[in-house]
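Here is what each chain is made of, one letter per residue.
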Amino acid sequence: MEDAVHQDQHITAQTTALPNTNPALTEPQPLGAFPDGFLFGGATAANQFEGAWNEDGKGPSLQDVLPAGGLHPRTAEPTEDNLKLEGIDFYHRYREDIALLAEMGFKVFRFSIAWSRIFPRGDEETPNEAGLAFYDRVLDELEKHGMEPLITLSHYETPLHLVEQYNGWTSRELIGFYERYARTVLARYGKRVKYWLTFNEINSMLHLPFMSGGINTPADQLSDADLYQAMHHELVASARATAAARELAPGAQIGCMILAMPTYPLTPDPADVLAAMQAEQANFAFGDVHVRGAYPGYFLRALREKGVELNITEQDREDLKNTVDFVSFSYYMSTCATGDPARGERGEGNILGGVANPTLPASEWGWQIDPTGLHVVLNQYWDRWQKPLFIVENGLGARDELVEVNGELTVEDDYRIDYLRQHLHAVREAIEDGVNVLGYTTWGCIDMISASTAQMSKRYGFIYVDRNDDGTGTLARYRKKSFHWYREVIASNGAKL
Ligand code: BG6
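None of these values were measured; they are calculated from a predicted model.

1. Examining the overall build of the protein
Within the protein, the secondary structure is distributed over 16 helices and 14 strands. In terms of C-alpha radius of gyration, the protein reaches 21 Å, essentially the compact-globule figure of 23 Å for 497 residues. The proportion of buried residues among the 497 residues of the protein is 61%. Considering only contacts in the protein between residues 6 or more positions apart, those separated by 24 or more positions represent 77%. If the 43 positive side-chain charges of the protein are averaged to one point and the 70 negative ones to another, these points end up 5 Å apart.

2. Notes on the side chain of Thr263
Mapped onto the secondary structure, Thr263 falls in strand β6 (residues 263–265). Judged by its relative accessible area of 9%, Thr263 falls in the buried class. Within the structure, Thr263 has its side chain in polar contact with the backbone oxygen of Met261 (distance 3.2 Å). Beyond its immediate chain neighbours, meaning those up to four positions away, Thr263 contacts Ala276, Ala279, Glu280, Thr335, Cys336 and Ala337.

3. Describing the UniProt feature "active site" (unreviewed entry) in the protein
According to UniProt, the "active site" (unreviewed entry) feature falls on Glu393. Following the sequence through the fold, Glu393 ends up in strand β9 (residues 389–393). Look at Glu393 and you get buried, because its relative accessible area is 4%. Here Glu393 is in contact with Arg110, His155, Asn200, Glu201, Met257, Phe329, Ser330, Tyr331, Tyr332, Thr441 and Trp443, once residues within four sequence places are set aside.

4. Some details on the side chain of Asp370
Tracing the backbone through its elements, the reader meets Asp370 in the loop between β8 (335–337) and α14 (371–385). For Asp370, the side chain forms a polar contact with the side chain of Tyr264, separated by 2.6 Å. Ignoring sequence-local partners within four residues, the contact set of Asp370 consists of Tyr264, Tyr331, Ser334, Leu360 and His423.

5. Looking at unusual backbone geometry
At Asp56, a position not held by glycine, the phi torsion is positive, near 50°. With respect to the secondary-structure elements, Asp56 resides in the loop between α3 (46–49) and α4 (90–103). Residue Asp56 is classed as partly exposed on the basis of its relative accessible area, which comes to 43%. Look at Glu201: it is not a glycine, yet its phi comes out positive at around 40°. Structurally, Glu201 is set in the loop between β4 (195–199) and α9 (209–213). Here Glu201 falls in the buried class, since its relative accessible area comes to 3%.

6. Concerning the confidence of the model for the protein
Averaged over every residue, the pLDDT of the protein is 94; the share at 70 or more is 94%. When the elements of the protein are averaged for pLDDT, helix α1 (residues 2–7) gives the smallest value, 35, and strand β2 (residues 108–112) the largest, 99. pLDDT under 50 marks residues 1–19. Its contacts with residues more than four places away, or in other chains, come to 41 contacts.

7. So, the packing of aromatic side chains
What the rule picks out here adds up to 36 aromatic pairs. An angle of 75° between the planes, with centres 5.7 Å apart, marks the rings of Trp115 and Tyr178 as edge-to-face. Residue Trp115 is located in helix α5 (residues 115–118), and its partner Tyr178 is located in helix α8 (residues 173–189); the two are separated by 63 residues in the primary sequence. Like Tyr178, Trp115 is buried. Summarising the aromatic geometry, the rings of Phe286 and Phe299 are spaced 6.5 Å apart at their centres and angled 70° between planes, so their arrangement reads as edge-to-face. With Phe286 in helix α11 (residues 270–292) and Phe299 in helix α12 (residues 297–306), the pair connects residues that are 13 residues apart, well separated along the chain. Each residue in the set Phe49, Phe90, Tyr91, Tyr94, Phe109, Phe111, Phe134 and Tyr135 is aromatic and connected to the rest through ring pairs, giving one cluster. Positioned over the ring face of Trp367 is Lys458, at 3.7 Å from the centre of the ring. The positively charged end of Arg459 is found above the aromatic ring belonging to Tyr464, 4.0 Å away from the centroid.

8. Side note on the sheet that holds strand β12 (residues 437–443)
Pairing is parallel around the closed barrel formed by 8 strands, whose spatial order is β1-β2-β3-β4-β5-β7-β9-β12. Across the sheet, the mean angle separating the axes of adjacent strands is 25° when strand polarity is ignored. Two elements, strand β1 (residues 39–43) and β2, share 3 bridges in a ladder whose sense is parallel. Residue pairing across strands places Ala43 opposite Arg110, the latter belonging to β2. In the packing of helix α10 (residues 224–248) onto the sheet, contacts are made with β3 (148–154), β4 and β5 (253–260), and the angle to β4 comes to roughly 155°.

9. Things to note about the site of the ligand
In the vicinity of the ligand lie 14 residues, with Gln48, Glu201, Ala451, Ser452 and Tyr460 positioned nearest. One nitrogen or oxygen atom from the side chain of His155 is found 2.8 Å from an oxygen atom belonging to the ligand. At 2.9 Å from an oxygen atom of the ligand is found a side-chain nitrogen or oxygen belonging to Asn200. Each residue belonging to the shell around the ligand can be placed in one class, and the counts come to 5 nonpolar, 6 polar and 3 charged.

The rules behind these values
Residues numbered from 1 in each chain as written. Predicted model: local features only at pLDDT ≥ 70, side-chain atom pairs only at ≥ 80, totals over all residues. Heavy atoms only, no water. Helix = DSSP H or I, 4+ residues; strand = E, 2+ residues; numbered from the N terminus. Rg over C-alpha atoms; globule rule 2.2 N^0.38 Å. Buried < 20%, exposed > 50% of the residue type's maximum accessible area, 1.4 Å probe, protein only. Contact = heavy atoms within 4.5 Å. Lys, Arg positive; Asp, Glu negative; His and termini not counted. Charge placed at Lys NZ, Arg CZ, Asp CG, Glu CD. Polar contact = N/O pair within 3.5 Å; in protein donor to acceptor, adjacent residues only side chain to side chain. UniProt positions renumbered as here; feature names shortened; annotations may be inferred. pLDDT = per-residue confidence, 0-100. Phe/Tyr/Trp six-rings, centres within 6.5 Å; stacked < 30°, edge-to-face > 60°. Lys NZ or Arg CZ within 6 Å of the ring centre and 35° of its normal. Pairing = 2+ DSSP bridges. Axes fitted to C-alpha atoms, helices over the stretch in contact; angles between N-to-C directions. Near = heavy atom within 4 Å. Nonpolar A, V, L, I, M, F, W, Y, C, P; charged D, E, K, R; others polar.

Structure (structure tokens):
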């Protein structure tokens, strides 16, 4: 216990009070409970919390060579300093962890299947039965607690062999490998899993080609032609998974998953408004393809201007017509754009980033905090696509301090409660506007390794996990103050925020 307190050497989170520029949110008007059946829960990804990176036949994924996170270069081989190799050991502790989530009353639990647990190299004909059996056991536990599973098929964890041998998604062959994997898991779990996502934050491929697209060519040597072709392959693969689900899991609902980042004009200058619109279109394009089944004109123009001619076959065009049932997205922050490069400073951000907004506060990692942006993006997406929406990631990465209160170790994370309360209020506002929202899963509901920086100290959870950036720690779990708060939120179906 002593160790747990002292080993995590960090300061108390500085984001204790989050200023909010929206007067409507400063004193939230009670809007009442969320609609019946609203899916409150939390989200995770295999590579960030399972650990057991080479157990029971699992092959390495590209995450195993990213010890410093997706923003930093890969290593040749998996190295011991990579915290993801052990993660938070969910692979061996899933029963205990799912029971804790159930104690909060989770209605839904989002997790990803590690592709390389099922197909260790990615290009085999036959799956690894031990890998499949693990997710059977996870689903058994969820069923036992009455929790709806929400599965991401690919969450930044392409098998490493596909990276080394095929240069990741630049190769058309990956469409077939992914389809085989998707068919295998849809056939196995399709009867017990209703909600599926094809690729995590599919638009991030254009920004992080290695982590998102498994592309080994260094980003500064990668041609636009190869990058956009890789994007096209993923979009076709996503549509093929949707088609496979229609066949193998008829009751399933398939969603795309987009990294949402509403972009505001930095000033009222029309050049800034145009720049903001174009930045948004670069993300909208991914939803447009998934919902409308074809590339939008503005995107084709952007490709023409880059001199990129995609290789799109007739079969690809047919495949893309397999459109999704719902649109899911992550939301952490908004950003700004300007038509004048001399204006504004570039801000820190979640993969995409842009010009910093001078009116907004930021987290300790520089991600600007904007609950109103969630209200905005829910309306934008609903107006544009008229498909049910699912917020599958949202949350505050902060340094937590484990303290003793009434004889129990906990974290007094009022800063996290404030953040989540304000964002949930924004969701409730959008629902009041008539937006159809299926559910809300907070990111990293149990502390895990960060994707961008591979730190343990960037924590999002309701449950504190005793592990430190240097790899030490007992892996013991502790309920934070936000754990008790979220349980109340769920028990009141959002009436008590
Ligand atoms: C999203 C990813 O971009 O952001 C998650 O889907 C990630 O995998 C989350 O963990 C938060 O980012 P980070 O870098 O703080 O872990």
